[in-house]
Amino acid sequence: MENSRTRIILALDFPGEEAMNRCLKELRGEIEYVKVGMELYYAAGPRIVDELKQRGLKVFVDLKVHDIPNTARGAMKSLARLGADMVNVHVAGGRAMMEAAREGLEAGTPAGADRPLLIGVTMLTSTSQRVMNEELLIPGHVEGVVVHYAMEAKRAGLDGVVASPREVPLIKKTAGASFQTVTPGIRPAGTAQGDQVRVTTPEEAFRLGSDYIVVGRAITAAEEPRAAWQAMLAAVESAGER
Ligand code: C5P
């Protein structure tokens with residue numbers, strides 16, 4: 001598969017900058033796109049985004065905003081000023097919140113810069129069918145709910161959604177091929193599933209049509225992160241050539 005490197009987002013889930021730097025050093029020259037989630041962002045602060053941008057990396061700021069529309073608008077305005085390439089909100093926050101988030105993002109994007117992609121979180125890939133039905137009291141099948149959330153996100157003007165790779169074919173069929181899909185829950189064959197439930201291998205995720213995959217512990221917690229990354233890339237590339 002051509003250019004798979006730019007479509008693999010490495011989740012930098014670290015307690016601070018030191019651990020992050022150790023990992024990035026090991027993977028030097030390999031990574032093009034990283035994700036800063038709550039753990040690192042809350043520890044290192046917003047300047048971490050600029051720091052990563054200075055190193056030539058693209059940055060997905062994964063703070064999963066879910067609040068009243070006015071607060072979501074302000075949060076997105078602040079995030080746009082940081083120079084992120086991708087940000088996200090929970091679709092469960094509702095259409096008005098998603099629309100406000102988009103307005104905030106547009107208002108905060110510096111003149112001449114590209115607006116960050118705005119992605120909606122559908123159902124977390126750690127949520128099972130049982131948890132969704134019995135704990136969250138949402139009836140139906142996960143896939144149906146995810147597709148409904150994707151359409152809500154599209155109607156609110158979002159650029160795409162986060163979902164499990166397994167849900168991508170139906171999302172693309174319903175929301176259109178250009179509606180972006182970002183898929184965590186990636187586990188190369190033989191690696192631990194951990195707390196993720198709705199998982200696939202990286203090559204399967206791309207085969208199903210994911211635009212971006214998000215990979216964390218399978219690389220960052222591997223004994224040899226560089227070897228794990230290269231093995232994953234080779235598997236993705238050889239699957240793309242078949
Ligand atoms: O280590 P692992 O590959 O499971 O990391 C997945 C990353 O993707 C984590 O940073 C997690 O916060 C994020 N994520 C997720 N499910 C979503 C949205 C984001 O797992 N629906």
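Anything mentioned here points back to the structure above.
Residues numbered from 1 in each chain as written. Predicted model: local features only at pLDDT ≥ 70, side-chain atom pairs only at ≥ 80, totals over all residues. Heavy atoms only, no water.

Peer 1: I keep staring at the packing of aromatic side chains and nothing clicks. Help me out?
Peer 2: A ring pair, where both rings are aromatic, is described by two values, the distance of the centres and the angle of the planes. Going through the model one piece at a time under the given rule, you end up with two aromatic pairs. Between the aromatic rings of Tyr41 and Tyr42, the centroid separation amounts to 6.2 Å while the plane-to-plane angle is 75°, which identifies the pairing as edge-to-face. The class for Tyr41 is buried, based on a relative accessible area of 13%. (Phe/Tyr/Trp six-rings, centres within 6.5 Å; stacked < 30°, edge-to-face > 60°. Buried < 20%, exposed > 50% of the residue type's maximum accessible area, 1.4 Å probe, protein only.)

Peer 1: I keep staring at the site of the ligand and nothing clicks. Help me out?
Peer 2: By nearness alone, 15 residues border the ligand, and Asp13, Lys35, Arg187, Gly216 and Arg217 come closest of all. The contact in question runs from an oxygen atom of the ligand to an N or O atom on the side chain of Asp13, over 2.6 Å. Here an oxygen atom of the ligand and a side-chain polar atom of Arg217 are 2.7 Å apart. Counting atoms within 2 Å of the grid points, the majority share of the ligand lands in the largest pocket. Residues belonging to the shell around the ligand are distributed by class as follows: six nonpolar, three polar and six charged. (Near = heavy atom within 4 Å. Polar contact = N/O pair within 3.5 Å; in protein donor to acceptor, adjacent residues only side chain to side chain. 1 Å grid on protein atoms, 1.4 Å probe; cavity = no way out; pocket = protein on both sides within 12 Å on 5 of 7 lines; lining within 4 Å. Sits in = over half its atoms within 2 Å of the grid points. Nonpolar A, V, L, I, M, F, W, Y, C, P; charged D, E, K, R; others polar.)

Peer 1: Explain the environment of Val162 to me, please; I cannot follow it from the model alone.
Peer 2: Counting through the fold element by element, Val162 comes out in strand S6 (residues 160-162). In this structure the C-alpha to C-alpha distance between Val162 and Thr181, which are 19 residues apart in sequence, comes to 5.9 Å. What Val162 contacts, discounting residues up to four positions off in sequence, is Asn88, Ile119, Gly120, Val121, Thr122, Val182 and Pro184. (Helix = DSSP H or I, 4+ residues; strand = E, 2+ residues; numbered from the N terminus. Contact = heavy atoms within 4.5 Å.)

Peer 1: Whenever I open this one, the pairing of strand S7 (residues 180-183) confuses me. Can you help?
Peer 2: On any regular strand, side chains alternate: one points to one face of the sheet, the next to the other face. Side chains Gln180 and Val182 project from S7 onto one buried face, and the interleaved Thr181 and Thr183 project onto a second face that is buried too. As defined by bridge partners, S6 adjoins S7 across three bridges and the pair is classed as parallel. Across the sheet, residue Val162 finds its bridge partner in S7, namely Val182. For the handedness criterion, the β-α-β arrangement of S6, helix H8 (residues 168-175) and S7 is classed as right-handed. Across two bridges, S7 lies against strand S8 (residues 212-215) in parallel orientation. By the bridge assignment for S8, Thr183 is matched with Ile213. For the segment spanning S7, helix H9 (residues 202-207) and S8, crossover handedness is right-handed. (Pairing = 2+ DSSP bridges. Right-handed = clockwise from strand over helix to strand, strands pointing away.)

Peer 1: I would appreciate a short explanation of the sheet that holds strand S4 (residues 86-90) in the present structure.
Peer 2: Backbone hydrogen bonds are what pair the strands of a sheet, in a parallel or an antiparallel way. Strand order in the closed barrel made by the eight strands is S1-S2-S3-S4-S5-S6-S7-S8, with parallel pairing throughout. Mean inter-strand twist for the sheet, computed between neighbouring axes without regard to direction, equals 25°. As paired strands, strand S3 (residues 58-65) and S4 are joined by three bridges and run parallel to one another. Bridge pairing in S4 places Val61 opposite Val87. Sheet strands touched by helix H4 (residues 69-81): S3, S4 and strand S5 (117-121). Its angle to S3, the strand with the most contacts, is close to 165°. Running over the sheet, helix H5 (residues 95-108) touches S3, S4 and S5 and is turned about 155° from S4. (Axes fitted to C-alpha atoms, helices over the stretch in contact; angles between N-to-C directions.)

Peer 1: Would you explain the pattern of salt bridges in this entry?
Peer 2: Where charged atoms from two side chains of opposite charge come close, those side chains can pair. Counted according to the given criterion, the structure contains 20 salt bridges. Here Glu103 makes a salt bridge to Arg73, at a shortest N to O gap of 3.1 Å. Of this pair, Glu103 sits in helix H5 while Arg73 is found in helix H4, placing the two residues 30 residues apart along the sequence. For Glu103, a relative accessible area of 41% translates into the label partly exposed. Across the salt bridge formed by Asp195 and Arg217, the nearest N and O atoms sit 2.7 Å from each other. You can see Asp195 sitting in the loop between S7 and H9 and its partner Arg217 sitting in helix H10 (residues 217-220), a full 22 residues away along the chain. (Salt bridge = Lys/Arg side-chain N within 4 Å of Asp/Glu carboxyl O.)

Peer 1: Sorry if this is basic, but what is going on with the layout of surface pockets here?
Peer 2: Once rolled over the atoms, a probe with the size of a water molecule shows which space is left empty. Empty space within the largest pocket amounts to approximately 560 Å³. If you trace the largest pocket, you find 28 residues lining it, with Asp13, Lys35, Lys64, Pro184 and Gln196 closest to the centre. Taken together, the elements giving at least two residues each to the lining of the largest pocket come down to strand S2 (33-37), helix H2 (38-44), S3 and S8. Per-element accounting of the lining of the largest pocket gives the leading share, three residues, to S3. (Points joined across faces, edges and corners; volume = space filled by probe spheres on them.)

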